[in-house]
Amino acid sequence: MIIQAFLLAALILLPNPGSELPFIGIIGRTLELIGVTMLIFAIINLRHSLTVLPTPTKSGKLQIYGMYRYIRHPMYSAVIILSFGLAITSGWYLKYLLTLTLVILLNYKARYEEYL
């Protein structure tokens, strides 16, 4: 959890040199917007089952409505899309590396959740 927060904070707060090609910036910003929108809807869909830990809450139920009807892990998908958008917009290899690390971490976290 702490590693995930650190990676997201680094992606957002590190300097953003920006891409030299304007259409690359448009693609990145579009992915950022899609990621944030998906994240908001996923949080709304989870409601009272929302937790920062990979273990479900005691009162939580398996979500099969909203985005969860079509995507197995919409919050993780949203964070990954947002991260790729941030990396593309920055054009900085370090942000791509942070995004890759986040993908690996979220994949591990999703597998752990499904095991429970």
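So, a few notes on the structure that sits alongside this text. Sequence order as written defines residue numbering, which begins from 1 separately in each chain. Residues qualify for local features only when their pLDDT is at least 70, as the model is predicted, and side-chain atom pairs are given and counted only at 80 or more; totals for whole chains, interfaces and linings, by contrast, use all residues. Excluded from the side-chain calculations are hydrogens and water; all other atoms, namely the structure's heavy atoms, are used.

Re the nonpolar core
Across soluble globular proteins, nonpolar side chains have a tendency to be buried as a group.
Moving on, step 1. If you look at the biggest cluster of nonpolar residues, it comprises 11 residues: Leu 7, Ala 10, Leu 11, Tyr 76, Val 79, Leu 82, Leu 86, Leu 98, Leu 102, Leu 106 and Ala 110.
Moving on, step 2. Secondary structure elements are defined from DSSP: runs of H or I of at least 4 residues count as helices, runs of E of at least 2 residues count as strands, and each element is numbered from the N terminus. For this core, the secondary-structure elements that each account for two or more residues are helix 1 (2-13), helix 3 (74-90) and helix 4 (93-115).
Moving on, step 3. Two residues qualify as a contact provided that any one of their heavy atoms is within 4.5 Å of a heavy atom in the partner residue. Filtering out sequence-adjacent residues up to four positions away, Tyr 76 remains in contact with Leu 106, Lys 109, Ala 110 and Glu 113. Residues grouped as a nonpolar core are buried Ala, Val, Leu, Ile, Met, Phe, Trp, Tyr and Cys residues, joined through side-chain atoms within 4.5 Å. Three exposure classes are used, based on accessible area relative to the maximum for each residue type with a 1.4 Å probe and protein chains only: buried under 20%, partly exposed in between, and exposed over 50%.

Things to note about helix 1
Moving on, step 1. A helix is expected to reach a length of 1.5 Å times the quantity of its residues less one. Here helix 1 spans 16 Å end to end across 12 residues, near enough to the 16 Å set by a 1.5 Å rise per residue.
Moving on, step 2. Restricting attention to buried positions, one finds in helix 1 the residues Gln 4, Leu 7, Ala 10 and Leu 11. Take helix 1 and look down its axis: the buried residues cluster within an arc of 130 degrees, on one side only. The exposed set on the far side of helix 1, more than 90 degrees from its buried face, consists of Ile 2, Phe 6, Ile 12 and Leu 13. What the arc measures is the spread of directions leading from the helix axis to the C-beta atoms.

Some details on the environment of Leu 106
Moving on, step 1. Tracing the backbone shows Leu 106 in helix 4.
Moving on, step 2. The class of Leu 106 is buried, set by a relative accessible area of 2%.
Moving on, step 3. For the pair Leu 106 and Ser 77, spaced 29 residues apart in sequence, the C-alpha to C-alpha distance is 8.9 Å.
Moving on, step 4. In contact with Leu 106, not counting residues within four places along its chain, are Gln 4, Tyr 76, Val 79 and Ile 80.

A few points about the side chain of Asn 45
Moving on, step 1. Topologically, Asn 45 is positioned in helix 2 (residues 22-46).
Moving on, step 2. On the accessibility criterion, Asn 45 (15% relative accessible area) is buried.
Moving on, step 3. Apart from residues lying up to four places away in sequence, Asn 45 is in contact with Gln 63, Tyr 65, Gly 66, Met 67 and Tyr 68.

Some points on the packing of helix 3 against helix 4
Moving on, step 1. All axes here are fitted lines through C-alpha atoms, helices being fitted over the stretch that makes contact, and every angle between N-to-C directions spans 0 to 180 degrees. Contact pair helix 3 / helix 4: the axes reach a minimum separation of 9 Å and the direction vectors enclose 175 degrees. Taken together, the axis directions place helix 3 and helix 4 in an arrangement best described as roughly antiparallel. Taken together, the residues of helix 4 that come into contact with helix 3 (itself represented by Tyr 76, Val 79, Ile 80, Ser 83, Phe 84, Leu 86, Ala 87, Ile 88 and Ser 90) are Lys 95, Tyr 96, Thr 99, Leu 102, Val 103, Leu 106, Lys 109, Ala 110 and Glu 113.
Moving on, step 2. Side-chain classes follow a simple rule in which Ala, Val, Leu, Ile, Met, Phe, Trp, Tyr, Cys and Pro form the nonpolar group, Asp, Glu, Lys and Arg form the charged group, and the remainder, Gly included, forms the polar group. Taken together, the residues that form the contact of helix 3 with helix 4 break down as 12 nonpolar, 3 polar and 3 charged. Convention used here: angles under 35 degrees read as roughly parallel, angles over 145 as roughly antiparallel, angles from 65 to 115 as roughly perpendicular, and any remaining angle as oblique.

Concerning helix 4
Because an α-helix completes one turn every 3.6 residues, residues spaced three or four positions apart along the sequence face the same direction.
Moving on, step 1. In a regular helix each residue adds 1.5 Å, so 23 residues correspond to 33 Å; helix 4 covers 33 Å between its end C-alpha atoms and thus fits that length.
Moving on, step 2. Where helix 4 is concerned, the buried positions are Lys 95, Leu 98, Thr 99, Leu 102, Leu 106, Lys 109 and Ala 110.
Moving on, step 3. Those residues of helix 4 that are buried lie in contact with helix 1 and helix 3.

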